[in-house]
Every structure is written in C-alpha cells, then in structure tokens.
Amino acid sequence: MTMPSPTPARPEPHPDFGPDFARRCYLQMLTARRIDEEAIALQRQGVFPAYVSLRGQEAAQVAGAAALDTERDFAFPTYREMGVALAMGVDMVGYMASHRALWHGGLYDPAASRFAALNAVVGGPVPHAVGWAVGERLRGGSGCAVAYFGDGASSEGDVHEAMNFAAVYRAPVVFFCQNNRWALSVPNERQVAGGSVAARGQGYGMPGTAVDGNDAAAVHHAMARALERARAGEGPSLIEALTYRVEPHSTSDDTSRYRDAEEERAWRGRDPLTLLRARMEADGSGDAAFFERAEQEARERAEAVRDGVSTAPEPDGADLFTHVFREPTEELARQQRVWHEEVRP
Amino acid sequence: MTMPSPTPARPEPHPDFGPDFARRCYLQMLTARRIDEEAIALQRQGVFPAYVSLRGQEAAQVAGAAALDTERDFAFPTYREMGVALAMGVDMVGYMASHRALWHGGLYDPAASRFAALNAVVGGPVPHAVGWAVGERLRGGSGCAVAYFGDGASSEGDVHEAMNFAAVYRAPVVFFCQNNRWALSVPNERQVAGGSVAARGQGYGMPGTAVDGNDAAAVHHAMARALERARAGEGPSLIEALTYRVEPHSTSDDTSRYRDAEEERAWRGRDPLTLLRARMEADGSGDAAFFERAEQEARERAEAVRDGVSTAPEPDGADLFTHVFREPTEELARQQRVWHEEVRP
Amino acid sequence: MTGTITEAAGAADASAPRVREMSMQQAVNAALRTVLREDPRTLVFGEDVGALGGVFRVTDGLQEEFGAERVFDTPLAESAIIGMAVGLAMNGWRPIPELQFDGFAYPAVDQIVNQLARMNYRSRGAVPMPVTLRLPSFGGIQAPEHHGESLEALFAHVPGLKVCAPCDPQDAYRLLLQSVRCDDPVVYMEPKARYWDRRPVELAHDPGDMPVGRSRVLRRGRHATLVAWGAMVHRCLQAAEYAAEDGVELEVVDLRWLKPIDAEGLAASAARTRRAVVVHEAPLTAGLGAEVSALVTERAFGALAAPVERVAGFDVPYPAGPLEPQYLPTIDRILSAVQRTLEYKRP
Amino acid sequence: MTGTITEAAGAADASAPRVREMSMQQAVNAALRTVLREDPRTLVFGEDVGALGGVFRVTDGLQEEFGAERVFDTPLAESAIIGMAVGLAMNGWRPIPELQFDGFAYPAVDQIVNQLARMNYRSRGAVPMPVTLRLPSFGGIQAPEHHGESLEALFAHVPGLKVCAPCDPQDAYRLLLQSVRCDDPVVYMEPKARYWDRRPVELAHDPGDMPVGRSRVLRRGRHATLVAWGAMVHRCLQAAEYAAEDGVELEVVDLRWLKPIDAEGLAASAARTRRAVVVHEAPLTAGLGAEVSALVTERAFGALAAPVERVAGFDVPYPAGPLEPQYLPTIDRILSAVQRTLEYKRP
Ligand SMILES: Cc1ncc(C[n+]2csc(CCOP(=O)(O)OP(=O)(O)O)c2C)c(N)n1
Ligand SMILES: Cc1ncc(C[n+]2csc(CCOP(=O)(O)OP(=O)(O)O)c2C)c(N)n1
Ligand SMILES: [Mg+2]
Ligand SMILES: [Mg+2]
C-alpha cells in the first residue's frame, strides 16, 4: 500500500519571524534537544523508568508554540510535547518529573503554565481543547486552544468528535498534528487512510494545511495564521506538521523490528536544527558567536533541568489521598488512616 | 449558522434499473409505507410502546438495498431501516417484534437474513460492517457489507474509526448515510460541521457521493456503483442520501418544539413514492393497473404483518437466561432457579 | 405538561423556600433553574437539551430563560460531550452535561474515567473538575435496548468520582443543588421510572443536615433493614407495607449517595435490625449490592443474625418490555429475601 | 529474549504435551501459536501486535509464522478494534484482539458492553461471539499513567462476558486455550507484573479437571483463606510463607475465573478455615473483592468466625512509580487483615 504524500506548504515566513524570533526559536529548539539528550541519559542511568524523545520534532514543537500568547492561549499536550512546554515557559523540572515517574501529570502547575497536565491517553485531551475554547468564547476572552496529537491519534474517535464539535461551534482551536510518520510500530500507510491528516479538515469545513514540520519558519507561519483566524472568530483550523520520529517510540522500544535504519538516517539528515541554522547563517540572523552562545546556554539549561529533576524529592505517600477530591470524604480519610498505620514507609 | 447544502448527484439510472426493477422497487417502497402506517397505528392503539417511522426515506432504503445481493452481502442497520429489511426479504413480523418490544434485536434470524439485529446504539454497528467485510475478504468471499447510519451518527467517533479502518484495509464496505436533516431535535446545521457527510470521504481517500435520497434511481445507482467498486477490490465508499424525516423522531417526539411545520410540508411534497410513480408513469414502466395492484398488494402485506406482530406470543421468561451464553454457567442456572421459584408469572 | 413545568419553574423564582407539589422531572428542572441563576458559571448542554427540552423535558424552558449560550445542544457524540465538559471546567466553568440515557454513557466512559475523574489528581489540585453529569438511569419504563441500564457500580468504583441517585422529587432537588455546588465531579443518576412521581417539594437552597454521603431512613422498623436507591426505594417501601401486614417491621434506607457510601448509617441500621437486604436493578454479580453487603458485614458482623441478602437484576442483558417485570426485583423477591433472613439458622 | 520465545514456540510444535520452563509472556505466546494452528478461524490483531510483536512481545513471531492476514496491526482506535472483532465474529471468525493496556480498554467499553457482550443475546443465539479479548492488566511495573489499571469489576458486572486472569505461566497457557475455544466472549487479563516469571509449563491441550469457572487452591491451610487473582496470588503466597513462620497456616485460593466466580469453591475453603481475606489491586470500593466477600458470606455465614476482610488498592487513581508500592496491597497489609480475622471477637 502506498500513500500519496501530501505536499507540504512552504510559505514565506510570517512577519513575526524576524531575526530575533529566529534566534529565540533556535535557542529553544537547541535547549529542547539538549534536555532530550539528558533525559535519554537519565533513563540509561536508571533515573527515569522510561522516556519518550521528541528528537527531530523540535521545529514542529518550538516554532509552532512560539506563536502562542502565553497570557491568553492554552496548550493541550500529549506525552511528547517537551518542546512546547519549553517554548511556553513551563517549569521544566516539574515537566520532567513526570518522566521520572514522580507524578503522572508532572509537577508544574498546568493552570498557571497554560499548558495542561501531560496526557498519556492518545487522542484523549483533544476534546478538552474544544471545551476550553468554547468556554473562552463564552467568557468573551480572546485566547485560543491548541490541541496537540500525533498521526496515530488521528485514528481515534475522540479526535473526530472534537473536530466536528469545534467546527460546529466555530471555537478558537488549532488542531496541531505532528505527523512523525510512525505511531509506535505502525507507519502512516497503515494508519492514516488517504495519507493525509490535513485533508480531513475539509470534511469539517475547516482549513487543513500540511507543512514541513522540520522547517521552523513554515510551522510558525501556519500556527500564527491559524491563531489569527481563530482569534478573529473564524473558527478552528487543522495543521499537519510533517516530521519524523528519529528516535524509538520510547526508550523501551526496538525500531529494528519494524523499520529501516536507512529511513532514520535519511531523516536525521533533515534535522530541524541544522535546517534552521543554515537559514540563519544564510540570512545573517545568526553568526558563529550566536551559535556558540546558544550551545552553551542550552547545555547549561539542560544540565540544570537534569540536576533539578534528578534530585527532586519523591512525593509523600500521603499525596496518594490529597488530590483525589476537593471535598474530602470520610471513607478516604479512613483509608488514609489504614495507609498511615499499615503502609507508611 | 448556515450550511452549504451539498449538490446531490443526479446520475443516469444504473443499467439494472429497468422497468421490472422500478416496479419491484415501487411495490416495496409502497409496502414499507403501508407497514409504517400500520406500525404508527399500532403504537396509537398501545400495541407498540413506541415506533420510529421511516416515512419519506423509502427510496433511500428500498432502492439502495435492492442493489444488494442477499446471497452474499450483509447489511448493518440502525433502528430505522425497516425498508432495508423489507427489500432484503427479512421476516417482517420478526422485524416488527422489536417495536412491540418482544425482543430488542427483533425475532428474525440475522445470520440467515444477512441483516444484523436492530441496533439502537447510534454509530455502534458501523465498525461491525468493517469487521465483517475484512473477514469476507479473508475468507475469499465476494460479499459486501453495508453500514447504515444517520446524519446524527456521523458525529460519533465510531463512525470515523470505522471509515479509517475500512479505507486502510480496503475493505468491501459501503457506508450509507441517510441524511434526513434531523437527529432528533438537532438539524444538520448544528450537527454536521462543513455541511456534508459525503465530503468526509475524501479525507479517508474514499469516494464520497451525495445523492438525492428521495430519487429511487439515483440512490440505486450510487449503491450499485459502490458495491461494484467494493467487489472489484477497490475498497470502501461513502454515500450520503439526502432525504428528510417527515415524521417525528419517534412516536414520543414533538417536532413543534424545534422545527417548522412548513419545512415538513415542503418535504412531504417531495415524497419519494410520488416521485418514482411520476417517473414510471412518464417512462411507461407503470400504468394505472400496476399502481392499483401495487396498492392492494402493499396493503395486504402490511395487514398481514400487523396481524402477525400483534398476535405474536410474548417471549417466555426463561428466555431471559437462554441466550446470555452459549456455554451456560452454574451461577446463571442458579439465578434461573430463583426466577423459577420467585418470579415466574 | 409544559404548563405545570412552568409553574414549577415559577416556584423557584422567589427567594423564600416554599412547598409545592411537583414531579421529579419538574424538581430537577427547578433545581437546574436555581443553579443556573445562582451561579453564572454553570452551563447545561447535551443532546437535545435545548429547544426540545430533553427527551424527558427535564431541561424544558431552560434555553428560553438562560439563552442558547448557557443551555445548548451538542452534536451526537457522548465522548466529546464529556471531553468538552472537562475543557470547560479547565476554563473556569461549572458544566452540567447530560448524557441522554444510561446505556449511552458507555461511549463516554474513557473521558469520564481517564480524564474527568482524575484531572484534579493529575494536576495536584490545580485543575478541579466541578462537573455534574446528569444521567437518566435505570429501567422500569419498558424502553428500547440500552435505555434501562444501571451503571452505578461502574461509577462508584472510579476514584475521583462521586455518585448519587435520588428517589423522590424533594431529594432530586436537593441532591442536584449539592452536586452542582460540589467542587468534585458528580454523576447524578435520575431514576426515569420516577420522573412522573409527584410529591410536595420544598425549594430550599440548603441541604441542611444531609451532607454529601449521608443516607436516609425512610421508614423505621426493627426486624430487618432494606437498602436501596433510585426507583427501588419505592419498591422497598411497598414491600415494607406488605410485610407490616404480617407484623414484620422493615426499616427502609435510601442510600442516596452511591459514592461516598454512608457505611456507618447502613451499619447502624443493620446492627439495630440484625438483618439486611440490599435491592438494586443492576445485575447481581459485581453490582453495588456486593459493596453494601461487604460494608454492612464488615461493620456489623457481630450484630448480624443472618447474612446480608442481595435482591438484584439477574446477570442477563436488560430485557425488552414484557420481560422487564420479571427481570427487576419484585416485591415477592424482596419479601422472600426478608423471609430467608428471618428464618436463617446457623447450620 | 527472542531466542527463548522461539524455543517456547518450538515446544508447542509437537503434539505430545511436554514440560518446558518458560515465562508467562512466552506461555501466552505459545498458547496463541497453538490456537492459531489448531483453528484456522482464529485471528490475532491489535495495535503493534504484528512486526513489533506487541509491546510485551507476547505476539512475537506470530505474524512471521501465520502471515499478515491472520496476525495484523490495526490503526490506533480501541473502539474500532473491538467493533471489528464483533463484525469478524459475525462472519464466522474467532477473533483474538489485543488492547494494548488496561487503561486503553476504556475507549472500547461501549463496543464491549453494548455490542460484544450482548450480540448473542440480541440475536437469540444466531450470532455468537467467540471473541477472546487479551488485555495486559494490573499494575506493579511502575508504568506510565493508565498502564496499571484493574478493570475486572467492570467486566465481571457485564452480562454476557466471561473474565479470567492467570497468575502463572501454566495457567496462562491453559486459560488462553480455554478462552479461545469458548464460544462466548472472554476477557483474558494478563498480569503484566508476572510476564517475566519463569516456571515449568506443560503444553497440554486439555484443561483436564479445570473447567471454566473453577478456582484452584494453591496452598492448603487451616487458619484463614486468602483469595486473589493475577499478580496478587503471588503476593498472597508470600504472605502465607511469612504467616507459616508464625505458625499461622493460610490457605491460598487463586480465583482464576473472575466471571463466572467459583462461589462454591470459595465457600468451601472459607467454611474450612472459618476466615477469609480477599486481596486485589483495584480500588476497594465496588471492587470485585466486594463480590467475593458477599458470596463467601452468603454461602458460609454460619461457619465464619469473622467478617471477610478486604485488602485492596486505595480509592485513589493508580499512582506513579514511587507511590505504587504504597498503593498496592502489601504483605503487611495482608497479614494485618489476617490478624484481624484471627483476633476477631463478636462484640
Ligand atoms: C488511547 C490509547 N491507546 C493506546 C495507547 C498506547 N500508545 C502510546 S503512544 C502510541 C502511539 C502513538 O502514536 P502517535 O499518535 O503517532 O504519537 P507519537 O508517539 O508518534 O508522538 C500508542 C499506541 C495510548 N497511550 N492511548
Ligand atoms: C450512542 C447513542 N447516543 C444517543 C442515542 C439517543 N438517540 C437515539 S436516535 C438519536 C438521533 C439519531 O439521529 P440520526 O443519526 O440522524 O438518525 P435518525 O434518527 O435521524 O434516523 C439519538 C440522539 C442513541 N440511540 N445512541
Ligand atoms: Mg506518530
Ligand atoms: Mg437523522
């Protein structure tokens, strides 16, 4: 079965995407890369039980999220949006705490960060973005919701229901699909009927755009336009960032069972950092000094995150009970007493 | 919010749609109409607790189903496909037994009838059609599955998942949506984002066609072509038959709360029976004698169904237990003894 | 029907509580009006809840009074309805979604269990979920397939959810107010078979001495305790009437809150009567009756003269019309169970 | 790892049963090979079950041996996976779908409850559903959110479903064969924490004297009965070891079939020991432990010297890594419960 590969849009950079912006993006993408590397190392050292790498998707995540207004927008991530978290200014130690399995949803404050708690249910958070956006319009607010999901997630019923709801309500939502070609071991060809997630948009009467997800400027352009549209009350959009998961699905995965190392190598050659750097070198927005400084800053930041998450205290067992309800119940208090008497370490 | 009304295809009749076929269709459509009227009467008399009328959808149901090969194809209905049942030769007393609430799934044999047990879960049976079709291909059979669903059902996640599966597997399925403009009290405008169910097909790389659902020849043409395509191994298709639910959603419904009587009247003027009759009168495939005979036959059949279902015996209480498992359990046998001792009427 | 509903609605207008006879369906409607009025963050939505007023007319007139922004129809997709409720709550709203019928809650189970119930926990309290999920529930009205299901055992098992089921108009009113005012997600199960039951209702805004999790003794008795919720409470009261004719005095406890369960209240009653029978519509195996039986036994074992009896639906799919009365617990089955507890002798 | 699996597969080749040491994950793999070989109507499918061999390698090598027509990947949609299984069964196949993890069964609950479980009933036996739903289940491996859930109470409550959970490689092999050969839908719950547990397995094709619904006594004792399933059986056996050191002889019953439940077997054991403790990972309230408690009490009340104790997960969402050991029943909690039953005095 072959899949018609959608031709990604290669638009001119959005006016916002000037030299300063490019430098900021590059720095954050590089920082995401370095944190990612630290995380993989932490997993190898046994500090993280497992980790899901975003390597290769830094442009799709960072350059897209850089268009968000963190005063009013809200992002709904899956488990792989570390670059989005970083771009939005989420506390990265709190974010990484989830990968150390300290707390499933992470230890940052999702409400304050405007970045929902990590969500491991593929497709599950997408309708939340729609509800949030409907609520934002009702409030008279001007914020937009961005729903992140993968090519695999596009098969889930929730994603369809959410798109239909959003378009019916003309809610200010951007559906942002990172099509990294693989959903664990299943390639697009056996996942996305018709071969294009973006093409689904039309069926809901909303624009669906495929962009080169490794091209920071293209991703940024698509996201900025979709946000403008949403803010103008013109309803939702669907963006498909065509990219590639160059690492295994997670550190527990073994890609040799299902894909060609050649394919990985080819995509490593289209590294979004290299591409952005080349563009910046060409248009002069980044010189050698900048790139050197960026490398240093990224490394320092990554090391700080690594140290922070490695030494973060384990949650107290009482936390098992604290957040189940806002209004506690006698039965749970009783169970907490059992825990206190019979379990507490 | 206004909805771009999809322009339905008005193709030439399919070669199969000759005079004999037209007469057969007309007779069955009329029979469905008469049975429907009897059923509404039975509900008013208290014999049926409730009933869902197909009035106005006879062409969509009968003329489409007439293209099926009941030796090899299999239909997956919702709760409103009485005309499909009739066209496929399902035992109509057994079918109507479901509306008398004798047995939820009806009292016909779905396997022998190649017409699945009535299904009240909106969208629920659609993935079954895909599974059946995948299984048919694996068996080396040449049958097709036809999944029936409504415009409301098109919003359900299951329908999306099923379409994606079918297209990924190139399974021989026809997704047949009767868009009767209303899902209970909710009109297309607030249900089907983008305004066209047919337009969703493209997103899965499968043909999606909107047809005039009140035009028997057009519906038949679309279904026949979709079946040919499926049998040729070219995969699934989506048909949207644009029609109208001229009756309330069910006998318990009150349309005055949500829609204009004028709209109903206008659509009653586009009655599929009247349209087919006019076509047949024009092309000579039906004369006055034929229509008179048809009326008599339809009426007799409807009365027989009415009498049959009215006098059908109520199921025995032991049937509560008989079909739960193929391989009975001791616990259920024990419960049946409790029923026998403490409940049996 | 519309007329009386409007009357009920009118009753909720005034600030002083007053007593009025109304059906449970009207009482829920009045409670929805109260919360929509008292808290501008509340929203009512679901399939056909707008112009139609819901298939049971429970939301009748709400869209008219509160506008299509606060009371609105959704497309036909249960998972998205709950997913949307989660998102709305994340943006500061207090959603009151309706799922049209018990059996159509199943498509939403993932959003209920994996999202709604644990968002507060997942976010360590940063993102609370003050959502009241209204679910017309249980059987007894000879409805089509999937329209007579009892999902309380499923919901009660889910950490992070609270669950209640009223049995009469007064409690329907009170429990809905409590559910909506609660900062935790509550599944509010409306017994369809009692929608048309008319009783005097005091439209009080204060639950008084009936905090979340408290059961009620609806009838005092000393020979055995019947425990039930929803429509089965009524049936237990009838059974108690019959038993009284034979000199058997049954205590009837309306559980009301199916999570948290009033274990103490149950145990106290069972300890007094030394015998208990729990009655529910859901299938027997792994039904909530097992939890009630276990709780009572754990807390009142020494006082019990007989094992707790369970009278429940059979372990069969909820049947069509004529078989429904043979599926649901009958008064005879309840009385037989009472009889067994009374005659129980340790072997 | 692949090497040993292939060896296990090889073992299934010969017709004569033979004993070989293998892990539970290999035993399930061997059982799948057996049924794929013995019945051409069987099909294995799910997310990543093909080339990858499943995230736990349980389906490793199956696609290679049986081809991509009989062992295949699906797109990522759980509801459609079960819906497809229903349709395949309607066309004469015997599907063996996998849902990747317990917590991702929730999106498929509607198809499981409203379709799979009642298609045979709905069609009055004309359309049977010989479907075995494999579900890696339960916790104990410090996995991400939604990867440690226990859904047995939900499934056991559904009329028309059968449910089992093996605790060791031998039983995993036997129960899978039985499940696939059964003409009813079976939810087969694989305890992830025991996947790597190696034991000798006899690849016998005949369940012998272990019919559907039969429990096993894994250890004889006379002071109290422990009842468990899945990974908790192992923990109970450990607890019994400790107790034995103090002269307390615990009987350990592996329930195996969670529906139908072996009520008689449980009651017989509890009647012998006069005390019972049921242990499970799922949250306490409305868990299957309540059913076990109720069943034992109903059938052995007179013999019981103390109320049945429940040791379960707490009523909280399944927690992340470091808290997991504090959530799951510990040996201490089990022994404390035993102690309570031994010391119980009627007030
Ligand atoms: C509802 C659900 N089903 C299954 C899984 C198991 N699972 C985790 S990630 C994954 C693949 C996801 O693929 P995709 O959506 O493309 O995202 P990616 O991992 O490529 O970023 C699967 C099957 C899950 N987390 N949630
Ligand atoms: C999953 C599910 N949700 C809700 C319902 C209740 N319900 C029954 S029919 C209906 C409207 C269906 O509309 P549509 O799909 O357009 O079919 P139509 O009735 O117009 O034939 C609703 C909401 C249901 N049966 N199943
Ligand atoms: Mg992917
Ligand atoms: Mg419709």
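Up top is the structure.
Just so we're clear, the structure is a prediction, and the values are computed from it rather than from any experiment.

1. Some words on the site of ligand 1
In the vicinity of ligand 1, 20 residues are found, and the nearest of them are Tyr79(A), Arg80(A), Ala120(A), Gly152(A) and Glu78(D). The environment of ligand 1 is shared, with nearby residues belonging to chains A and D. Between ligand 1 and Asn180(A), the relevant distance is 2.9 Å, taken from an oxygen atom to a side-chain nitrogen or oxygen of the residue. A distance of 2.9 Å separates an oxygen atom of ligand 1 from a polar backbone atom of Trp182(A).

2. Digging into the interface of chain D and chain C
Interfaces are often described in size by the accessible area the parts lose on coming together. Contact with chain D, which involves 49 residues of that partner, is made by 49 residues of chain C. Between chain D and chain C, roughly 4300 Å² of surface is buried when both sides are summed, and carbon and sulfur atoms account for 59% of that area. Where chain D packs against chain C, one counts 10 salt bridges. Residues Arg122(D) and Glu145(C) are paired through a salt bridge, measuring 3.0 Å at the closest nitrogen-oxygen approach. Taken together, the links from chain D to chain C amount to 23 residue pairs in polar contact (both at pLDDT 80 or more). If one sorts the elements of the side of chain D that touches chain C by residue count, helix α11 (residues 288-300) of chain D sits on top with 8 residues. Grouping the amino acids of the side of chain D that touches chain C by side-chain chemistry returns 28 nonpolar, 10 polar and 11 charged.

3. Section: the sheet that holds strand β9 (residues 216-219) of chain C
Residue and element names in this part refer to chain C. Taken in spatial order, the 5 strands line up as β9-β11-β10-β13-β14 in an open sheet, and their pairing is mixed. The two strands at the open ends of the sheet, each matched to only one other strand, are β9 and β14 (309-313). When the angles between neighbouring strand axes are averaged without regard to direction, this sheet yields 25 degrees. As judged from the 3 bridges shared by β9 and strand β11 (residues 250-254), these two strands associate in the antiparallel manner. Counterpart to Val-217 in the pairing with β11 is Val-253. Lying on the sheet, helix α11 (residues 288-300) is in contact with β10 (224-228), β13 (276-283) and β14; it crosses β13 at an angle near 160 degrees.

4. Focus: helix α2 (residues 24-38) of chain C
In this model, α2(C) (15 residues) spans 21 Å end to end at C-alpha, consistent with the 21 Å of a helix rising 1.5 Å per residue. Among the 15 residues that make up α2(C), 13 are buried, leaving the element largely enclosed by the rest of the structure.

5. Observations regarding the site of ligand 2
Residues in close proximity to ligand 2 total 20 residues, the closest being Tyr79(B), Arg80(B), Ala120(B), Gly152(B) and Glu78(C). Nearby residues place ligand 2 at the junction of chains B and C. Arg80(B) is positioned such that a nitrogen or oxygen atom in its side chain is 2.7 Å from an oxygen atom of ligand 2. The side chain of Asp151(B) places a nitrogen or oxygen atom 2.9 Å from an oxygen atom of ligand 2. Taken by itself ligand 2 offers 580 Å² of open surface, and the protein chains cover 95% of this. The residue inventory of the shell around ligand 2, partitioned by class, reads 10 nonpolar, 5 polar and 5 charged.

Parameters at a glance
What you see as residue numbers is a count from 1 along each chain, following the sequence as written. Both sets of labels track the order of writing: A upward for chains, 1 upward for ligands. Residue-level local features of this predicted model are given only where pLDDT is at least 70; pairs of side-chain atoms are given and counted only at 80 or more, and the full residue set underlies all totals for whole chains, interfaces and linings. Side-chain measures here rest on the full set of heavy atoms in the structure, leaving out hydrogens and waters. Proximity is defined per residue: if any heavy atom of the residue lies within 4 Å of a molecule or strand, that residue is considered near it. Counting of polar contacts relies on pairs of N or O atoms within 3.5 Å, with two restrictions inside protein: one atom must be capable of donating a hydrogen and the other of accepting it, and residues adjacent in sequence are counted only when both atoms are side-chain atoms. It only takes one pair of heavy atoms within 4.5 Å for two residues to be counted as in contact. Buried area is calculated as the accessible area (1.4 Å probe) missing from two parts once they are joined, with the contributions of both summed. Each salt bridge in this description consists of a side-chain nitrogen of Lys or Arg and a carboxyl oxygen of Asp or Glu lying within 4 Å of one another. Only DSSP runs of H or I covering at least 4 residues are called helices, and only runs of E covering at least 2 are called strands; the numbering of each starts at the N terminus. When residues are sorted by character, Ala, Val, Leu, Ile, Met, Phe, Trp, Tyr, Cys and Pro go into the nonpolar class, Asp, Glu, Lys and Arg into the charged class, and all the rest, Gly among them, into the polar class. Paired strands, as defined in this entry, are two strands with at least two bridges between them according to DSSP. Only the stretch in contact is used when a helix axis is fitted, and all axes are lines through C-alpha atoms; the angle between N-to-C directions ranges over 0 to 180 degrees. Residue count minus one, scaled by 1.5 Å, sets the expected span of a helix. To sort residues, take the accessible area from a 1.4 Å probe on protein chains only and compare it with the maximum for the residue type: under 20% means buried, over 50% means exposed, and anything in between is partly exposed. Areas reported as accessible are Shrake-Rupley estimates using a 1.4 Å probe. Residue values count occlusion only from the protein chains shown.

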